[in-house]
Amino acid sequence: MPAHYSETPLAKQLNLRDGQRVWFDAMPDSVQEEIAEYALELIFVREPEEGVDAAHVFVTDRSDLAAQLSRLRECVASDGQIWVSWARSGADMNVTEERVRELGEPLGLLGTKNFTINDEWSSLKLVVRKDLR
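From a predicted model like this one, the values you see are computed outputs, not experimental measurements.

J.: Explain unusual backbone geometry to me, using residue names and the numbers behind them.
T.: We note that Asn15 has phi near 60°; this positive angle belongs to a residue other than glycine. Although it is not a glycine, Ala39 sits at a positive phi angle of roughly 55°. Residue position: Ala39 is located in the loop between α2 (29–36) and β2 (43–44).

Following this line, the structure appears as structure tokens:
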């Protein structure tokens, strides 16, 4: 069974599809490897300002998260997605699902799906509210 808690491949859980422009920040190697196992033809961009359909950031600090969300809100496609992952334990725990939602809401980002990637990381999918697309 994969490192995450579902038999569904991680790339599928993250709604990744062939041809998507993606940007990952601070993603652990083990998570990247698990996504790669699904053999998608993703287009990796160096910076989100190049335009992205899907972004995934791994954060341990609330101030870093606020800056990341603000930056990504301007770069993600109107029908795109931003995944935020935070440490489940050990870190100072100032990033939680509730805080991700609190920081995303004023930017027009709505939390739509959450799940546990593995023993270390939890995630929440944010999308642009329909009335702002």
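J.: Please give an account of helix α3 (residues 62–75) that cites residues and values.
T.: Counted at 1.5 Å a residue, the expected span for α3 with its 14 residues is 20 Å, and the 20 Å between its end C-alpha atoms agrees. Looking at α3, one finds that the buried residues are Leu65, Gln68, Leu69, Leu72, Arg73 and Cys75. Down the axis of α3, the smallest arc covering the buried residues is 155°, so these residues share one side. Away from its buried face by more than 90 degrees, α3 exposes Ser63 and Glu74. Of the surrounding elements, those touching the buried residues of α3 are β1 (21–25), β3 (52–59), β4 (76–87), α4 (97–104), β5 (109–116) and β6 (121–128).

J.: Describe the pattern of salt bridges, listing the residues and the values that go with them.
T.: Following the criterion strictly, the structure yields five salt bridges and no others. Between Glu102 and Arg62 there is a salt bridge, with the nearest N and O atoms lying 3.7 Å from each other. Placement of the pair is Glu102 in helix α4 and Arg62 in helix α3, with a sequence separation of 40 residues. With a shortest N-O distance of 2.8 Å, Glu97 and Arg101 are connected by a salt bridge. Here Arg101 and Glu97 lie together in helix α4, a separation of four residues that amounts to about one turn. Given the relative accessible area of 24%, Glu97 is considered partly exposed. Here Arg101 falls in the partly exposed class, since its relative accessible area comes to 31%. Via salt bridges that share partners, Glu47, Glu49 and Arg71 belong to a single interconnected network.

J.: Break down α2 for me, with residues and values.
T.: Those residues of α2 that sit buried are Val31, Glu34 and Ile35. Viewed along the axis of α2, the buried residues span an arc of 100°, placing them on a single side of the element. Exposed residues pointing more than 90 degrees away from the buried face of α2 are listed as Asp29, Glu33 and Ala36.

Here is what the cut-offs are and how they apply
- Residues numbered from 1 in each chain as written.
- Predicted model: local features only at pLDDT ≥ 70, side-chain atom pairs only at ≥ 80, totals over all residues.
- Heavy atoms only, no water.
- Helix = DSSP H or I, 4+ residues; strand = E, 2+ residues; numbered from the N terminus.
- Expected span 1.5 Å × (residues − 1).
- Buried < 20%, exposed > 50% of the residue type's maximum accessible area, 1.4 Å probe, protein only.
- Arc of directions from axis to C-beta.
- Contact = heavy atoms within 4.5 Å.
- Salt bridge = Lys/Arg side-chain N within 4 Å of Asp/Glu carboxyl O.

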